[in-house]
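Single-letter residue listing:
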Amino acid sequence: MSGLKVKDLERLQAQNPELRMELVGGKIIVMSPSGLESDEVAAAIVTELNNWVRPRRLGRVTASSAGFVLPNEDGDVRAPDASFIRAERLKRTTEDYAQLVPDLMFEVKSKTDTLQKLRDKIQEFLRLGTQVGVLVDPRTRTMEVYRPGMENPEVLGNGDILTVPELLPGWELAVASIWAPEFE
């Protein structure tokens, strides 16, 4: 299936609500379940973001099921693992896909992802207007932080703190706080 548009994705999603899909380059990409660890890490990021953003009414925080219609040539519909959109950019929520790119997005590597595929996705979002993109790798317990115009990402590990003062002044995310805990 190539040359598909948003309406085709919506129809296929309605017929197959149990599947997560993205529309990339006119083709439907079925997203496989990510695995427990990467989803638990993504949930921790969404929780930390939401706990800061919501009481301050700063905007919207979404998880991996929220789709964004990208303002690119193909009208791709992509879904980062976690996203933040400033309130002034999306005053009211919608049942439809958001017709914008998030200001902040996170991609959490699962065992079926490649780092290059995730880096390319982040770069596409940055090219289209996202201000900060973060690649989270639970295996190496690192974050790669990308901003427009940066040649190389800032790499954070345990002991470091992620901040995005340009979007969320005062918010801090301790890298070590998002990893799946081990129980004895």
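Cut-offs and rules
- Residues numbered from 1 in each chain as written.
- Predicted model: local features only at pLDDT ≥ 70, side-chain atom pairs only at ≥ 80, totals over all residues.
- Heavy atoms only, no water.
- Helix = DSSP H or I, 4+ residues; strand = E, 2+ residues; numbered from the N terminus.
- Rg over C-alpha atoms; globule rule 2.2 N^0.38 Å.
- Buried < 20%, exposed > 50% of the residue type's maximum accessible area, 1.4 Å probe, protein only.
- Areas by Shrake-Rupley, 256 points an atom, 1.4 Å probe, with all protein chains shown as cover.
- Core = buried A, V, L, I, M, F, W, Y, C linked by side-chain atoms within 4.5 Å.
- Contact = heavy atoms within 4.5 Å.
- Pairing = 2+ DSSP bridges.
- Axes fitted to C-alpha atoms, helices over the stretch in contact; angles between N-to-C directions.

(A) Seen up close, the overall build of the chain. Counting its regular elements, the chain contains three helices and twelve strands. Against the 2.2 N^0.38 benchmark of 16 Å for 184 residues, the chain shows a C-alpha radius of gyration of 16 Å, consistent with a compact globule. The principal-axis extent of the C-alpha atoms belonging to the chain is close to 45 × 40 × 35 Å. Counting across all 184 residues of the chain, residues that qualify as buried make up 45%. A total of about 10,100 Å² of accessible surface is found on the chain, and carbon and sulfur atoms cover 49% of it.

(B) Representation of the nonpolar core in the model. Of all hydrophobic cores here, the largest spans 28 residues; its most connected members are Leu104, Phe106, Val136 and Leu168. Broken down by secondary-structure element, the contributors of at least two residues to this core are helix H2 (36–56), strand E6 (82–86), strand E7 (104–108), strand E8 (132–137) and strand E9 (142–146). Among the elements that take part in this core, H2 stands out by supplying seven residues, more than any other. Among residues more than four places away in sequence, those in contact with Phe106 are Ile45, Leu49, Pro80, Asp81, Ala82, Val134, Val136, Leu162 and Trp171. Phe68, Ala98, Val101 and Ile122 belong to the second largest nonpolar core, which has 15 residues in total.

(C) Just the sheet that holds E6, in detail. As summarised here, the arrangement of the six strands in space is E3-E6-E7-E8-E9-E10, forming an open sheet in which the pairing is mixed. Looking along the sheet, the strands with just one partner apiece sit at the ends: strand E3 (59–63) and strand E10 (154–157). Neighbour-to-neighbour, the strand axes of the sheet open up by a mean angle of 15°, direction not taken into account. As paired elements, E8 and E9 share five bridges and run antiparallel to each other. When the bridges of E9 are listed, Val134 appears paired with Val145. Against the sheet, H2 contacts E3, E6, E7 and E8, and its axis sits at roughly 170° relative to E3.

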